[in-house]
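# Report on the structure
If you want the building blocks of each chain, they are given just below.
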Amino acid sequence: MDNLSLLTAMQASVDATAGSLSTVVDALLEVDHLLICVSGEAALSVLQTVGLRCPNYTARRVEQGTASRLILFENAYLELICIEDERVAAQTSRRTGIDMLGRSRWQHTRFSPFGVGLRCKLDAANLTAHSKHSRAEQIQQDSSIHFASDNRVNKAEPLCFVIPNYIALPQWLDPTSDVHQYLLTHSLGVKRLTDVKITVDSARDLTPTVSMLSHSNLIGIEQGMAPLLELVFDEEGQGQRLDLRPSLPALLRY
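Attention in this report is confined to the structure presented alongside it. What you are looking at is a predicted structure, and each value in this text was computed from that prediction instead of being measured.

Using the criterion set out here, one finds three aromatic pairs in the structure. On the basis of an interplanar angle of 40° and a centroid distance of 5.5 Å, the ring pair of Phe-147 and Phe-161 is categorised as tilted. Linking Phe-147 in strand β6 (residues 146-147) with Phe-161 in strand β7 (residues 159-162), this pair joins segments that are 14 residues apart in sequence. On the accessibility criterion, Phe-147 (22% relative accessible area) is partly exposed. Over the face of the ring belonging to Tyr-182 we find Arg-53, whose NZ or CZ atom lies 3.8 Å from the ring centre.

Let us now look at the sheet that holds β6. Read from one edge to the other, the open sheet built from seven strands follows the order β2-β3-β4-β1-β5-β7-β6, with strand pairing classed as mixed. Of all the strands in the sheet, just β2 (59-61) and β6 have a single pairing partner and so form its edges.

Time to look at the nonpolar core. In this structure, Leu-34, Ile-36, Leu-78, Leu-229 and Leu-231 are the most contacted members of the largest nonpolar core, which totals 44 residues. Take this core: its biggest share by element is five residues, from strand β1 (residues 29-38). What Leu-231 contacts, discounting residues up to four positions off in sequence, is Leu-34, Leu-78, Leu-193, Asp-195, Val-196, Leu-251, Leu-252 and Arg-253. By size, the runner-up hydrophobic cluster in this structure holds 12 residues, among which are Leu-35, Ile-98, Leu-159 and Ile-163.

This paragraph deals with empty space enclosed by the protein. Within the structure shown, the criterion is met by two cavities of 30 Å³ or more. A volume near 50 Å³ is recorded for the largest cavity. As for the largest cavity, its lining consists of Val-38, Gly-40, Glu-41, Leu-44, Thr-58, Ala-67, Ser-68, Arg-69, Leu-80, Ile-81 and Cys-82. Elements that contribute at least two residues to the lining of the largest cavity include exactly β3 (66-72) and β4 (77-83).

Right, let's get into unusual backbone geometry. The peptide bond linking Arg-245 to Pro-246 adopts the cis configuration, its omega dihedral lying at 5°. Relative to the helices and strands, Pro-246 resides in the loop between β11 (241-243) and β12 (250-253). Despite not being glycine, Arg-110 shows a phi value in the positive range, around 65°. Considering the arrangement of structural elements, one finds Arg-110 in the loop between α6 (106-109) and β5 (114-120). With a phi close to 55°, Glu-235 is a non-glycine residue in the positive phi region. Within the secondary structure, Glu-235 is located in the loop between β10 (228-233) and β11.

Our next topic: the pattern of salt bridges. This structure, assessed with the given rule, holds 11 salt bridges. Salt-bridge contacts for Glu-230 lead to Arg-253; the nearest nitrogen and oxygen are separated by 2.5 Å. One end of the pair, Glu-230, is in strand β10; the other, Arg-253, is in strand β12, with 23 residues separating them in the sequence. Under the relative-accessibility criterion, Glu-230 is labelled buried at 8%. Ionic contacts of the salt-bridge type, sharing partners, join the residues Lys-197, Glu-222, Glu-230, Glu-236 and Arg-253 into one network.

One number sums up the size of the second largest pocket: a volume of about 750 Å³. If you go around the second largest pocket, you meet 29 residues; those closest to its centre are Arg-61, Gln-64, Glu-79, Ile-81 and Ile-145. Only β1, β2, β3, β4, α4 (86-96), β7 and α11 (178-184) provide two or more residues apiece to the lining of the second largest pocket. Its residues assigned to classes, the lining of the second largest pocket comprises 19 nonpolar, seven polar and three charged.

Our focus in this paragraph is the sheet that holds β10. Taken in spatial order, the five strands of this open sheet run β9-β8-β10-β12-β11, and their pairing is mixed. With partners counted over all chains shown, the strands left at the sheet margins are β9 (220-224) and β11, one partner each. Averaged over all neighbouring strand pairs, the angle between strand axes comes to 15°, with direction disregarded. Note: strand β8 (residues 193-201) against β10, six bridges, orientation antiparallel. Each bridged residue has a counterpart across the sheet, and for Asp-195 the counterpart in β10 is Val-232.

Reading the values: rules and limits
- Residues numbered from 1 in each chain as written.
- Predicted model: local features only at pLDDT ≥ 70, side-chain atom pairs only at ≥ 80, totals over all residues.
- Heavy atoms only, no water.
- Phe/Tyr/Trp six-rings, centres within 6.5 Å; stacked < 30°, edge-to-face > 60°.
- Helix = DSSP H or I, 4+ residues; strand = E, 2+ residues; numbered from the N terminus.
- Buried < 20%, exposed > 50% of the residue type's maximum accessible area, 1.4 Å probe, protein only.
- Lys NZ or Arg CZ within 6 Å of the ring centre and 35° of its normal.
- Pairing = 2+ DSSP bridges.
- Core = buried A, V, L, I, M, F, W, Y, C linked by side-chain atoms within 4.5 Å.
- Contact = heavy atoms within 4.5 Å.
- 1 Å grid on protein atoms, 1.4 Å probe; cavity = no way out; pocket = protein on both sides within 12 Å on 5 of 7 lines; lining within 4 Å.
- Points joined across faces, edges and corners; volume = space filled by probe spheres on them.
- Salt bridge = Lys/Arg side-chain N within 4 Å of Asp/Glu carboxyl O.
- Nonpolar A, V, L, I, M, F, W, Y, C, P; charged D, E, K, R; others polar.
- Axes fitted to C-alpha atoms, helices over the stretch in contact; angles between N-to-C directions.

Put into structure tokens, the structure is as follows:
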């Protein structure tokens, strides 16, 4: 089952077969990264202040009017997306239906500022065994990020998408690299993301896609009056809780 087939399946109504379909989804997909749409880079300084290390590099997507900064963990990463050109971002929204500008203004629009990037589960031992030829074939076969049409237009819930394997974290994170090890070392003491819970607008219905992700335990979904991203690290081994509101709609448990 390829990425697009998975999303097509997840758009099916959640009925008596939901349990078996959830099991399939859970067996084939896992969280690659979480994103938060923010209005400026001030949110990044909040994360750095509490003890999360962030690379100095900023990834700019001029054609989308956005810029991104990443915070890496051993099995996932957090991406902060900032709007740099509102005009271009608005044009992108009209063209694609993906409204990063509206999501970054979540306090006023009541849109969800979050996104969940999913990857297909791969055998880690086989990742390093891929030849350049097989990698090139993989890129040619599947180089698109796949969105479910129902979720794309429902701005009140987190944007969910499946990324091609060649850009998934396990493909480019090198455990033997001193640079990568430095970026994975946080003074907060967190290493692995072990759970994710997202609060969505209680007044709106979830799409089948997000309902399926919740049923399969890939992410937890709760309904409330304000958006919140809860990230659990290392199964809360330290017994600590860090609330980043109001600077950032996020809660860390570690």
